[in-house]
Structures are given as structure tokens and as C-alpha cells.
Amino acid sequence: PLSRLVQRVHKHSVKIGLHLAHGGSYAPSRLNGRQAVSASAFTNWETKETCRELSIAEIEEIVAGFARAVKRAQEVGFDLVEYNAYSGYLVREFLSPRTNKRNDRYGGDLENRLRFFKEIIHASRREVGKDYPLVAKISGDEFLPGGNTIEEAEKIAETLQSYGIDGLHVSPAGHEASLPLTLGLVPKGAFVHLAQRIKNKVNIPVITAHIGDPFLAEEVLAEGKADFIAFARPFLADPQFPKKVLEGRFEDIRPCVRCHQGCFDRIWVGDEATCLMNPEALKEREFVIRPAEERKKVMIIGGGPGGMEAARISASRGHD
């Protein structure tokens, strides 16, 4: 299935990468019938389940598994792989002193906490060669007591560059932080300063997110605060976002209002994502808009979101 996805995306002369993660303590037992694992044993704040500490043999097995997964991604045609070393999940749980309490070579100082990720990167390189692009998504600051700070993130970034990582995707905190990160009440671009701090320490491309606005994105690039802008939820709200930007049709963009109701909130409880602003999201084949067989005059009573969408769809089908 992933190979078909790659082929369909490549038809449009677009590059596509695979985001690769191990759930760590966030993988609830209901998913695979097993106890979750992590760098150390602790109770996950979301699942309320206690994970167990990985043995050395299991760590080595997971390292090899990451490398095989990267190789498969290359074989099916993905143009790059991005490791998730962010927002909880296993690699982050090794990096963070909050969740890594080990006393062996994988715990303690930063060099030891980085060892797990180092072995993953080196094992992957042996599989895919030195020229295949590998990117790491890291937390610029966990904003948690006892967690990774921006100062430590700078050291992590420099070290990952020395390991052969080709780019860094810098985002704030993670799921556990009480600090609001992506909601509408957070100013757009509020965390660009983290990416800028990392960019000042490395000479590989740095990606930043939490922008959501094409004008702010252009400003961030022009000022050299980052090299790439990551968009995600805005593409659920409007899949034509990049095309409309390219054509200068800014007023036609259906905006993401960062409500989280259709995407994050539903995914978190195991439901299929949708979008409050775009009812077609993930249902594009089901909600195909076809010309009406009989054109009519249609009156829409009420100008709220439902009325506006009814008017838009009716007009697009050819009704007056």
C-alpha cells in the first residue's frame, strides 16, 4: 500500500517522506496485547498504563528494526525518512532525563541518553547508504520540569548532525506539557525561536512548524529563522493550500482554525480523522461533487457554517 501511495504522489512531481516512530510508553496494550516498553518503567499520563524497562537485547532488536524499516521505506520509493524523536514516544523517552532513569550505557549523561538514537542512525546508514536523506524531528524544549531544555536541545542537534542526520525538524514540547502548543489561542509562530536557536548551532537544514499562515511562513524564511516550513493540519482544512499559495489565491484558502475537534481529538481516542472546516477530509472518494443532473434555483436559509457550505456545494454542482 505504501508503494502505491509513493507512486501516486510521484506522478505529481512531488517528493514524499515517511515519518517513522516507535510508540514507546504511548502504545497501549489494547493495540497489540502487550505491555508498553520504554527506556525506564513509569506510568504514562495518557494511557494510565505502566510501561516496563527494555533489556539490552530488546534495545538491540529495536535498533535493527528501525534500520530495516528505513530500508523498506527506501525500497518502496520514499525520498526521505524522518525519525520521530519528539513528543514522547520511544526515542524521545531515551533522550529525556524525565523518562530515562537507566544506570547502564543507555542512561545517565546526555551522551549515553543519545546512544540509542545514535545506534539507530548508524544501523540505518549501513542499510541505505550515505546519500539517502535522514531527518530527525526533535523537541526544542520539553517545557517540563526535569526535561530537555533548549540548551540541551542545541547539544542534541549538534550531536545528531555529527551522526550524519541531514535535517532537523524542531517543534516545542510534547503531549505531556501543560503549555498550550497548537490551539487557536496560541499566536502563530510562537515557537519559531526554538528552531532559530537550533539553526544557529548547525549547518544542516532546519524545519519549523506551528505557522499555519503563508505570509508568516515567508517571513520566517526571509529572515533566516528556518529553512523549511512544515504544514499539517492546514492541509486537512484545504488540500489545495500549496496550489492556492503558488497562484496567489490567498483569499480562497480555507483556513485551519486550530480547533483540534476533527483531527487531534478524534485520532487520540482511536477514531478516524476529519476536519471541522472541511467535511470532505479523508472522505474524498465518498463525497465526490458531481454536476447536478437537473439544475435548480436553490434558496439557503441561514448563513452559518452549514448554510455557507450548502450554498458552496450547490453552486459548485451548477445550481443557481
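Residues numbered from 1 in each chain as written. Predicted model: local features only at pLDDT ≥ 70, side-chain atom pairs only at ≥ 80, totals over all residues. Heavy atoms only, no water.

S.K.: How would you sum up empty space enclosed by the protein? Please name residues and give values.
M.R.: A complete count under the given rule lists 3 cavities of 30 Å³ or more for this structure. Within this model, the largest cavity holds a volume of roughly 100 Å³. Along the walls of the largest cavity sit 15 residues, with Cys-256, Cys-259, His-260, Cys-263 and Cys-275 positioned nearest its centre. Looking at the lining of the largest cavity residue by residue, the class counts come to 9 nonpolar, 4 polar and 2 charged. Forming the walls of the second largest cavity are Tyr-26, Ser-87, Gly-88, Arg-92, Ser-139, Glu-142, Leu-144, Ala-173, Gly-174, His-175 and Glu-176. When the residues that make up the lining of the second largest cavity are grouped by side-chain class, the tally is 3 nonpolar, 5 polar and 3 charged. (1 Å grid on protein atoms, 1.4 Å probe; cavity = no way out; pocket = protein on both sides within 12 Å on 5 of 7 lines; lining within 4 Å. Points joined across faces, edges and corners; volume = space filled by probe spheres on them. Nonpolar A, V, L, I, M, F, W, Y, C, P; charged D, E, K, R; others polar.)

S.K.: Which residues make up the environment of Glu-293, and what values do they have?
M.R.: Position of Glu-293 relative to the elements: it lies in the loop between helix H12 (264–268) and helix H13 (305–316). Along the chain, Glu-293 and Gly-318 lie 25 residues apart, while their C-alpha atoms are 9.2 Å from each other. (Helix = DSSP H or I, 4+ residues; strand = E, 2+ residues; numbered from the N terminus.)

S.K.: Can you explain the sheet that holds strand S6 (residues 167–171)? Please cite residues and give values.
M.R.: The strand order across the open sheet formed by 6 strands is S1-S4-S5-S6-S7-S8, and the pairing between neighbours is parallel. The open sheet has two free edges, formed respectively by strand S1 (17–20) and strand S8 (228–229), since each of these has just one partner strand. Relative to strand S7 (residues 206–208), S6 is paired through 3 bridges, and the arrangement is parallel. Opposite His-169, over in S7, you have Ile-207 as the bridge partner. (Pairing = 2+ DSSP bridges.)

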